[in-house]
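Remarks on the overall topology
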Amino acid sequence: MEVAEPAALRLAWAAHNAVGFAFTLLWTAAWISLALLVLVLTGRRDIALRMAARCWAPGLLGGAGAKLDVEGADAIDWSRPYLLVCNHQSVIDICALFRAVPVPLHFLLKQEMTKVPFVGWYARACGMLFIERDNPRAGPRLRREAAALLCEGGTLCLFPEGTRSRTGAVASFKGGAFQSAIDAGVPVLPVAIDGAGAVLPPDGFRVRAGVIRVRFGAPLDTAGAGGASGRQALADAAHAAVVALLQRAT
């Protein structure tokens, strides 16, 4: 039977998380403002993206008391573009991925993020892509934009479960998300994140110190994956790879 925390301890955690939430907002606003200024002055998105990896993300991970453990990145040829596909446990996944991937990284985000101050401005300015879930006509345009980004040598990360997992289980991957990699002829790179949901749960802001593990698998070739069946087979293979990486990480 689970033992309830004493009232004093709950109050202490509530105060801790309130301070952490305020720090997160201020830290994010400050670094995004600086990154946007650098982008305006230099016109270089890659510098603004690397600022997220080298400045913003470490501060939030450190503030959360999270230790980052990265495995398999050294075996990847980062001179090539990839479509990264990853399980999704927490919003802090993005910080972990920014730190773990040694090249400028783009994300596919929900359209609602464009309305979030600072974050939406930064995402648009840095060439992030957005999905309109309620607009079926937006899918083909998004796939073209994603394929173009990959063809230009960019690395794109998406969460093909479609939402954050509340249980830690990895939901099935949606095949349509993989079409851009097939069209661009670039490999799909499976990535597993473990521990992020314990550091920052998917609901609310309740931070607990812990280890976040990011584990990279072997790239999956997209040649011959045409058609709906081939696309879904690629999605299923990526899903199996991510699940296997999570099992190895425990």
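Preceding this paragraph is the structure being described.
For clarity, every value in this text was computed on a predicted model and none was experimentally measured.

Comments concerning the sheet that holds strand 6 (residues 188-194)
Judged by pairing direction, the sheet is mixed, and its 7 strands sit side by side in the order 1-7-6-2-5-3-4 without closing on themselves. Sheet topology places strand 1 (66-71) and strand 4 (129-131) at the edges, where each strand pairs with a single neighbour. In this sheet, adjacent strand axes meet at a mean angle of 25° when their direction is disregarded. Relative to strand 6, strand 2 (residues 83-86) runs parallel, the two sharing 4 bridges. Bridged to Leu-83 within strand 6 is Val-188. Of the strands in this sheet, strand 2, strand 3 (105-110), strand 4 and strand 5 (155-158) are in contact with helix 5 (residues 138-151), which crosses strand 4 at around 155°.

Points about the environment of Asp-74
In this structure, Asp-74 sits in the loop between strand 1 and strand 2. A residue is classified by how much of its surface remains accessible, and Asp-74, at 85% relative accessible area, is exposed. A C-alpha to C-alpha distance of 40 Å links Asp-74 and Ala-15, two positions 59 residues apart in sequence.

A look at the packing of aromatic side chains
For the coordinates displayed, the defined rule picks out 10 aromatic pairs. Here Trp-78 and Tyr-82 contribute two aromatic rings whose centre-to-centre distance is 5.9 Å and whose plane-to-plane angle is 75°, an arrangement assigned as edge-to-face. Taking the relative accessible area as the measure of exposure, Trp-78 reaches 14% and is therefore buried. When its relative accessible area of 2% is taken as the criterion, Tyr-82 is described as buried. Sitting over the ring of Phe-130, Arg-124 keeps its end group 5.3 Å from the ring centre.

A closer look at the nonpolar core
Ranked by size, the top nonpolar core spans 48 residues in total, and within it Leu-97 and Phe-216 carry the most contacts. For this core, the leading source of residues is helix 2 (residues 45-63), giving 9 residues. Excluding anything up to four places from it in sequence, Leu-97 contacts Cys-86, Leu-105, Phe-107, Cys-157, Phe-159, Val-191, Ile-193 and Val-214. In terms of nonpolar packing, the next biggest core, distinct from the first, is built from 28 residues, Leu-149, Val-170, Val-186 and Val-188 among them.

What counts, and where the lines are drawn
- Residues numbered from 1 in each chain as written.
- Predicted model: local features only at pLDDT ≥ 70, side-chain atom pairs only at ≥ 80, totals over all residues.
- Heavy atoms only, no water.
- Pairing = 2+ DSSP bridges.
- Helix = DSSP H or I, 4+ residues; strand = E, 2+ residues; numbered from the N terminus.
- Axes fitted to C-alpha atoms, helices over the stretch in contact; angles between N-to-C directions.
- Contact = heavy atoms within 4.5 Å.
- Buried < 20%, exposed > 50% of the residue type's maximum accessible area, 1.4 Å probe, protein only.
- Phe/Tyr/Trp six-rings, centres within 6.5 Å; stacked < 30°, edge-to-face > 60°.
- Lys NZ or Arg CZ within 6 Å of the ring centre and 35° of its normal.
- Core = buried A, V, L, I, M, F, W, Y, C linked by side-chain atoms within 4.5 Å.

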